[in-house]
Structure formats: structure tokens, C-alpha cells
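Structural description and commentary
Here is how the chains run, residue by residue.
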Amino acid sequence: MRDDSARDEFFIGWQAEGPPRTMRFVRARVLWWIALALGVAVLAAISQRPFASSNFEFGAVRTFEGVLEHVPFPVLVVDRPAADPAGPSTSRWLLTVFGKRGAEPHTRPFDGARVRLKGSLIHRDDAVMVELLPETLAVLEERSARADDASAATPITLRGEIVDSKCFLGVMKPGNLKTHRACAARCISGGVPPVLLVRDESGRATYFLLVGPAGEAVNERVLPYVAEPIEVTGSVSTRGDLRILRADPEAFRRL
Amino acid sequence: MGHSYQAVQWNPNKKRYDALLLVSVVLYLGVFLGVGFVWFPEATAETLLLRALGTAGFLALHVILCIGPLARLDRRWLPLLYNRRHLGVTMATLGLLHGGLALLQFHGFGDVSAFESLFTSNPRWGSLAQFPFQPLGAAALVILVLMAATSHDFWLANLTAPVWKALHMLVYVAYGLLVMHVALGALQVESSPIPLVLLGVGILTVGGLQVLAARKDRQVDGEIGVSPGSDTGWIDVCAIGEIEDGRARLVLASGERIAIFRDGDRYSALSAVCQHQNGPLGEGRIVDGLAVCPWHGFQYRPKCGRSPEPFQEVVPTFPLKIVEERLWLDPTPLPLGDESGSTSGGGIRA
């Protein structure tokens, strides 16, 4: 029922109590507003894009052993459990350090050595990265035999999105698309390996470590293209379970 | 009203308002986080918190922008207008937390400072689809925090009312920037239509209420607009007794709203614009012999337009006369504080 008598009341804010009918009117509508706001909270929460089933074991420090390689980004070549005898015997795990930084300044002196290190796992699908604690790097063997498992390069044109491997593999959710662009640019600029994320028609993702034509790091040159749909022409090769895409950023094409 | 400046002049209403506001914010954040974690077990806490804070602040801004026009359309909403400052400060705080967390998460711990990164990490200023949306949010946040920081009457008095009012009208610029921040950011990556629908409903609600309130103001101006009734500039307002006791009749003369208050058999003409925040003094009432603004309760003596001591506010007064049982107004203001304008209708009955 409409309470028009409240319109004749006069509210003065600094008085201890407001006019009763006016305050009843306000209370009823404020309660409705709160209910509406909670409805908005539910709708906003459930309408988010699904989150990836990636993981960053933040705070969980483990010990790892393997051979350090630079491709040119540091990777730890670890022995792979022999679940599939026909599969590769090693895995290459990308390395990073705390923050939006690459691990290369810390690992370069130990290139080719067998090392023990501590860090936290970051993983998504079959890709693994370790956020290492640089002070824990310890050499077990100065020169270790390098696995000769590189394939020949094949020309290829791919369409996808450049992401920073650290966030995309699990540190951030989402770790791609426009809302993550600034973070991806910061990470790649800081030395985190850039990756070209390519999805097939079913949405299954494949990752390609993105380097220059001569296998050099091109982080600064890919920054203008991060988090946008692009087409990349280059050559792809594998190193164990790592896919490496060599391409000249000059030839990147925005879609 | 208060003479000395205090952070908050508490009264029971204000305490209830703030308690309800705090509970509402906590409930909103709790529901967003709780539902988010149940619906998306893979979600990370920092992303959900960032989004909970952002949506809560943006929703609060919508409420703030609706309260003004609602109070113009129906005075029963005035209790919410009186306490709107607290909602504004809360909204700015939510925005700061959202912005701070985003700055830390997306721009912190990198090879350049977070603030430099905010403006340089996305260089695609020439593309609408890729336009950097985060600087838009940062610009809005600067405005909202500036408004929150200067929301106290201390700043109103020291910045002067026109500067203060101009600064606080920037809330509409901030709202526009935030709409762009959301449209060019979150909306571009979400796959559900719900966020777009929510934003559309929000814009239509705020815009619709502003249009309705503006239309009502224009209607009021049309109804109260009068022409000079003689060569001398005096305006024939109405018959004495047509104005309800304790209230005012509005007159629009030379583009200025003038309020003619009746207190018993005495009539006084004051500027209808409150000196405090340009509130609609003409929609106020006479309480304890003083004209009271409905927005924040600022008081003026009807005869001279001065606030009771020790307050310093003064509104212009205008000459009134009664000729043959009708009220006549001269829209030329008297010197500030002049008491000669009011007139007595002696023995009038409404």
C-alpha cells in the first residue's frame, strides 16, 4: 500500500531520529537494494569465464635434480619416469624466478652442468615450469652429457596468442587474453620465456617456445604483439618434449 | 549542521546507515568469493578478490549516482542522500583496493616501476579492440579518491563552493571512464552475456533516472516561471494564503530560482539555492523559525538570509510586498543580509 503521508514529513539529517514513515520507506527499499546487490554478486560470480586447471604450488618448495640447458631460456632436463618406454626419457622444465623475471642471469654460469635446486612447481597440461630459489642452485657435476634429442626444423605458419609462460602455465588465472596483457608484457620484458599458444578446433592447447630466427631471445621485439590474435610464420623443431618456434617478429601479422 | 569541523557528526541514523553499509559490503564480498569458489574450484583467491572488489565498487557507484535523481523524484529518499558521502568514501576505498591489487598483480615485481608499467605495458592506444583499459580505471580512481578526500565540509569551505561543486561533478567523468574500463577490459574476455547485460541495466538505470529527474526539474521551472507584471519589474506571485504555512512557493525569475517562504503571517523571499552544496532550499521547510534545506539541514533566517550564529552562510534575499491581497516580488536581490525584504500579511488564513 502506498504511504503518501510520508511525503509530508520533513527529514533533517542532523536530528537524532528521522521521521518514522520516511525512515520505514527507506529501510524497506534499502533491504531490497541489498538483496538486489547480493543477486548481482551471484550473477557476476557465476558468469566468469571458466578457470584453467593449471596449478602453481605457491609456498611448496621441492628439490629437483637435472641438467641445465639454455634454449636460449633456461630449462632443467629431468629424467622422466618410465611409464611409457617408447616415449622420451627426459622432460625439459622451463625455469623462472620470483616476480616477473627470467632465471637466465642466475642459471647461465651453470650451463651444461648437472645441478640440484629448490623451487615451486608450475604446471598446466603436460607443460612444467619451476620457480627456482636461485640461492639453492648447487652443481653436482660440472659437465654433463647433453641429450641429443633435437629434431630438424620444419617450416610452419601458426595462428595463436603470445603469452608469458609463467603466468599461463599456472601463476595467473587467467594468464592470457586482454585483461592479462600488461602482466604478460611485464613478464616477457623481464625475461620470462614467451610462448605461442595455439588452440585446435576442439580448444586443445599446444605451446611453442618463441625465439628468433637464429634461436636467440626476442622478448622485447614480441612485446607489441602480446595477448592479441596473430599469425606467425617460421620453423618449428623439438628438443625432447619442448616445441621451439623460430620466427622473425618483423613477420608477425595481427589477425 | 555543525560549527566546528569533525570527521563525522555521529547520530543514531548515521550509525545505523554505516553499520548497514559495512554489513552490505562484507556480504557482497563474501557472496562473490563464496559462490566463485564453489562454482569454480580452480579459481585463484587473488583473481576472485580483485573481481569482487571491482564489481562491489562499481555497483556502489551506480547506487550513488541513483540516489541523487531518486531524491529529486521523491523526497522520501533524502535520508540516503544525506549520508551519501559515507557511501562515496566506501566506494572509493573499494576502488583503491581493487586498483592497488591490480597494480601489484599485473604491474608489480617487474623490470620497471608498477606505475610506469601501467601506462606503457600496452602500447595499442590507436586500437579500440586492444585499447589499454587499465589507465582508464586509474584515471577514474584518481577522480573518485580526490572526491572522497575532499568530501568533508572542511574542503567545501576552503575550496569554495564553485570549485568543490565542479570537482564533484567529475563523478560523471569517472563513471564514463569506468564504463569504458569495463567494456574494453573484462567484457572483452568474458564469454557469458550476463556481465554485458548487468552493465547495460546499470547504465540504463543511472541514465534513465538522471533523465527523469532533469525532466521533473524542467517541469518545475516551467510551472514556476513568471513574467514581470509591471514595468517596474515587480512580479505578481500569488494570492496571500496560497502558500502553505512553513513551506515555500518557487518563482523562476531571470533564470534564478527564488523561494518565497511563509512562516505564519510573515513572507520572505530567499534564493532557492543553498550555499552549502547548491541544494534545493526552496523545497525546504520552516522549522523553529528557520528555513531548512532538505539536503543537509543547513538553516537560514528567512528575514535576512543569514545562517544562525556562529554559522557564516548567507543567501540573497529579495523585496516582497502585498498589494490587494496578492504577493509581489522584486527579483533584484537586496544587499546580503538585508532584512527589509520580508513582509507581513497580517491575519492571513491558509
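It should be emphasised that the depicted structure is a prediction, and the values quoted were computed from it without experimental measurement.

Conventions adopted
Residues numbered from 1 in each chain as written. Chains lettered and ligands numbered in written order. Predicted model: local features only at pLDDT ≥ 70, side-chain atom pairs only at ≥ 80, totals over all residues. Heavy atoms only, no water. Core = buried A, V, L, I, M, F, W, Y, C linked by side-chain atoms within 4.5 Å. Buried < 20%, exposed > 50% of the residue type's maximum accessible area, 1.4 Å probe, protein only. Helix = DSSP H or I, 4+ residues; strand = E, 2+ residues; numbered from the N terminus. Contact = heavy atoms within 4.5 Å. Pairing = 2+ DSSP bridges. UniProt positions renumbered as here; feature names shortened; annotations may be inferred. Salt bridge = Lys/Arg side-chain N within 4 Å of Asp/Glu carboxyl O. 1 Å grid on protein atoms, 1.4 Å probe; cavity = no way out; pocket = protein on both sides within 12 Å on 5 of 7 lines; lining within 4 Å. Points joined across faces, edges and corners; volume = space filled by probe spheres on them. Nonpolar A, V, L, I, M, F, W, Y, C, P; charged D, E, K, R; others polar. Domains from an automatic or database assignment.

Right, let's get into the nonpolar core. Ranked by size, the top nonpolar core spans 104 residues in total, and within it A:Leu209, B:Tyr28, B:Phe32, B:Leu61 and B:Leu281 carry the most contacts. Looking at which element gives the most residues to this core, the answer is helix α2 (residues 45–73) of chain B, with 14 residues. Dropping the residues within four chain positions of it, B:Tyr28 is found in contact with A:Ala37, A:Leu38, A:Val40, A:Ala41, A:Ala44, B:Ala52, B:Thr55, B:Ala56 and B:Leu59. Core analysis: the next-biggest nonpolar cluster, separate from the first, contains 21 residues, A:Ile162, A:Ala184, A:Ile188 and A:Val198 among them.

Looking now at the sheet that holds strand β5 (residues 285–287) of chain B. All names here are of chain B. Taken in spatial order, the three strands make up an open sheet running β5-β6-β7, and their pairing is antiparallel. At either margin of the open sheet sits one strand with a lone partner, and together these are β5 and β7 (299–300). In the sheet, β5 pairs with strand β6 (residues 290–292) via three bridges, with the strands oriented antiparallel. The partner of valine 287 across the bridge, within β6, is leucine 290.

What follows covers the UniProt feature "domain: Rieske" (unreviewed entry) in chain B. Within this structure's numbering, the places UniProt gives as "domain: Rieske" (unreviewed entry) are residues 235–329 of chain B. With 0% helix and 45% strand, the stretch residues 235–329 of chain B has end C-alpha atoms that lie 5 Å from each other.

Before going further, it helps to spend a moment on the pattern of salt bridges. Pairs may arise between side chains of opposite charge once their charged atoms sit close together. Applying the stated criterion to the full structure yields 27 salt bridges over all chains. Put simply, A:Glu65 and A:Arg116 hold a salt bridge, and the shortest N to O gap is 3.1 Å. Of this pair, A:Glu65 sits in strand β2 (residues 62–70) while A:Arg116 sits in strand β6 (residues 114–124), and the two are 51 residues apart along the sequence. Residue class for A:Arg116 comes out partly exposed when judged on its relative accessible area of 37%. Salt bridges linked by common partners bring A:Arg181, A:Glu228, A:Arg254 and B:Arg124 together as one network.

The subject of this paragraph is empty space enclosed by the protein. Enumeration according to the criterion identifies four cavities of 30 Å³ or more in this entry. By volume, the largest cavity amounts to about 230 Å³. Around the largest cavity, the lining comprises 16 residues; the ones closest to its centre are A:Leu94, A:Ala127, A:Tyr207, A:Asp241 and A:Leu242. Tallied by class, the residues present in the lining of the largest cavity amount to eleven nonpolar, one polar and four charged. Both domains that furnish three or more residues to the lining of the largest cavity are identified here as domain 1 (55–141) and domain 2 (154–254) of chain A. Looking at the second largest cavity, the residues that line it are A:Lys178, A:Arg181, A:Ala182, B:Leu118, B:Ser121, B:Asn122, B:Pro132, B:Phe133, B:Gln134 and B:Pro135. Taken together, the elements giving at least two residues each to the lining of the second largest cavity come down to α4 (181–189) of chain A together with α6 (134–149) of chain B. Residue composition of the lining of the second largest cavity, by class: five nonpolar, three polar and two charged.

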